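Summary of structural features
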Amino acid sequence: AQTVTQSQPEMSVQEAETVTLSCTYDTSENNYYLFWYKQPPSRQMILVIRQEAYKQQNATENRFSVNFQKAAKSFSLKISDSQLGDTAMYFCAFMKLMAGNMLTFGGGTRLMVKP
Amino acid sequence: NAGVTQTPKFQVLKTGQSMTLQCAQDMNHEYMSWYRQDPGMGLRLIHYSVGAGITDQGEVPNGYNVSRSTTEDFPLRLLSAAPSQTSVYFCATLRPLGGGGTDTQYFGPGTRLTVL
């Protein structure tokens, strides 16, 4: 079974600054996906970014980027130029390849962006 | 194109009552799943389906039934509601990479259920 751990229950950052959210996971699988989902107060789950484990290059999506360290089983999310709209819960999630229904989530990090 | 829709948005039940949470999608995704989110926690998988007529249990299936008679719909039934089932329920869909998709799950807006 897989486990996903987010060790920072809450974080805050000033608007326009950079913040990094941590995620570690445990698995015996070699091929898998990792995701970061954002959940604003509306509670909608919004995909932020995804990483395929077989890709060495770190994924980026505009202001969002990841630091994927496969050997260390670490998958952190960096948010650059933080905006007030980034205030939300952020969840790290793991999915085995060819197991498209089965996401394993971490406990989440609540991020507050301050003006 | 509505994506993934869930009804109702909110529901209050009494212990022992039964009800069905509805999930519908118009994206022709083969895979559908149900998750629950308890306060302060991540989502946990209840049941999932890889296609019409095929369902299987996830991490926390007790107290819930599902069926998948069409590609579009995947209802979740609470047989006899208990306070421990108070949660927010999310439906998600996916088109697998092998089927021309992206292996990324898309979530509905959620149903907040309270069992008294």
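The text that follows walks through the structure, step by step, so that each part is easy to find. (Residues numbered from 1 in each chain as written. Chains lettered and ligands numbered in written order. Predicted model: local features only at pLDDT ≥ 70, side-chain atom pairs only at ≥ 80, totals over all residues. Heavy atoms only, no water.)

**Things to note about the sheet that holds strand β1 (residues 4-7) of chain B**
All names here are of chain B. Basically, it comes down to this: Any two strands with at least two DSSP-identified bridges between them are counted as paired. The helix count covers DSSP runs of H or I at least four residues long, the strand count covers runs of E at least two residues long, and both are numbered beginning at the N terminus. Inter-axis angles, ranging from 0 to 180 degrees, are taken between N-to-C directions of lines fitted to C-alpha atoms, where helices are fitted over the stretch in contact.
Strands sit in the order β1-β3-β8-β7 across an open sheet of 4 strands; the sheet is antiparallel. In the strand order of this sheet, the two ends are held by β1 and β7 (64-66), each with one partner. The average undirected angle you get between the axes of adjacent strands in this sheet is 20°. As paired elements, β7 and strand β8 (residues 76-78) share 3 bridges and run antiparallel to each other.

**With respect to the packing of aromatic side chains**
How two aromatic rings sit relative to each other is given by the distance of their centres and the angle of their planes. What counts, and what does not: Stacked, tilted and edge-to-face pairs are distinguished by plane angle, under 30 degrees for stacked and over 60 for edge-to-face with tilted covering the rest, among Phe, Tyr and Trp rings (Trp via its six-membered ring) whose centres lie within 6.5 Å.
Using the criterion set out here, one finds 15 aromatic pairs over all chains in the structure. Ring centres 5.9 Å apart and planes at 85° place the aromatic pair phenylalanine 105 of chain A and tyrosine 35 of chain B in the edge-to-face group. One end of the pair, phenylalanine 105 of chain A, is in strand β11 (residues 103-105); the other, tyrosine 35 of chain B, is in strand β4 (residues 31-37), on a second chain. Arranged with centres 5.8 Å apart and planes meeting at 50°, the rings of tyrosine 35 of chain B and phenylalanine 107 of chain B form a pair that is tilted. Separated by 72 residues along the polypeptide, tyrosine 35 of chain B in strand β4 and phenylalanine 107 of chain B in strand β10 (residues 106-107) bring together distant segments of the chain.

**Let's talk about the environment of threonine 70 of chain B**
Tracing the backbone through its elements, the reader meets threonine 70 of chain B in the loop between β7 and β8. Along the primary structure threonine 70 of chain B and threonine 55 of chain B are separated by 15 residues, whereas in three dimensions their C-alpha atoms are 12 Å apart.

**Describing the state of the cysteines**
Applicable threshold: In this description, the term disulfide denotes a pair of cysteine sulfurs within 2.5 Å. Relative accessibility decides the category of a residue: with a 1.4 Å probe and only protein chains considered, values under 20% of the type maximum give buried, values over 50% give exposed, and everything between is partly exposed.
A full pass over the atoms with the stated rule returns 2 disulfides over all chains. What pairs with cysteine 23 of chain A in a disulfide is cysteine 92 of chain A, and their sulfur atoms sit 2.0 Å apart. A torsion of -70° about the S-S bond marks the disulfide between cysteine 23 of chain A and cysteine 92 of chain A as left-handed. Placement of cysteine 23 of chain A in the loop between β3 (19-21) and β4 (24-26) and of cysteine 92 of chain A in strand β10 (residues 88-96) is noted, with a sequence separation of 69 residues between them. Each member of the pair, cysteine 23 of chain A together with cysteine 92 of chain A, is buried. Covalently, cysteine 23 of chain B is tied to cysteine 91 of chain B through a disulfide, its sulfur atoms 1.9 Å apart. Between cysteine 23 of chain B and cysteine 91 of chain B the sulfur-sulfur dihedral comes to about -70°; the bridge is accordingly left-handed.

**Digging into the nonpolar core**
Put simply, the rule reads: As used in this record, nonpolar core signifies buried Ala, Val, Leu, Ile, Met, Phe, Trp, Tyr and Cys residues forming a set joined through side-chain atoms within 4.5 Å.
Of all hydrophobic cores here, the largest spans 25 residues; its most connected members are Tyr25, Trp36, Phe75, Leu77 and Tyr90 of chain A. Put simply, the parts of the chain that give this core at least two residues each are β3, β5 (32-39), β6 (46-52), β8 (64-69), β9 (74-79), β10 and β12 (109-114) of chain A. At 4 residues, the largest contribution of residues to this core is made by β10 of chain A. Counting residues in hydrophobic clusters, the runner-up holds 20 residues, among them Tyr33, Met95 and Leu103 of chain A together with Leu45 of chain B.

**Quick notes on the pattern of salt bridges**
Note the following rule: We count a salt bridge whenever a side-chain nitrogen from Lys or Arg sits within 4 Å of a carboxyl oxygen from Asp or Glu.
Applying the stated criterion across every chain yields a total of 6 salt bridges over all chains. Salt-bridge contacts for aspartate 86 of chain A lead to arginine 63 of chain A; the nearest nitrogen and oxygen are separated by 2.8 Å. Taken together, the residues span a long stretch of sequence, with aspartate 86 of chain A in the loop between β9 and β10 and arginine 63 of chain A in the loop between β7 (60-61) and β8 at a distance of 23 residues. With its nearest N and O atoms 2.6 Å apart, the salt bridge here joins aspartate 38 of chain B to arginine 44 of chain B. Three or more residues are tied together by salt bridges with common partners; here these are Arg50, Glu52 and Lys55 of chain A.

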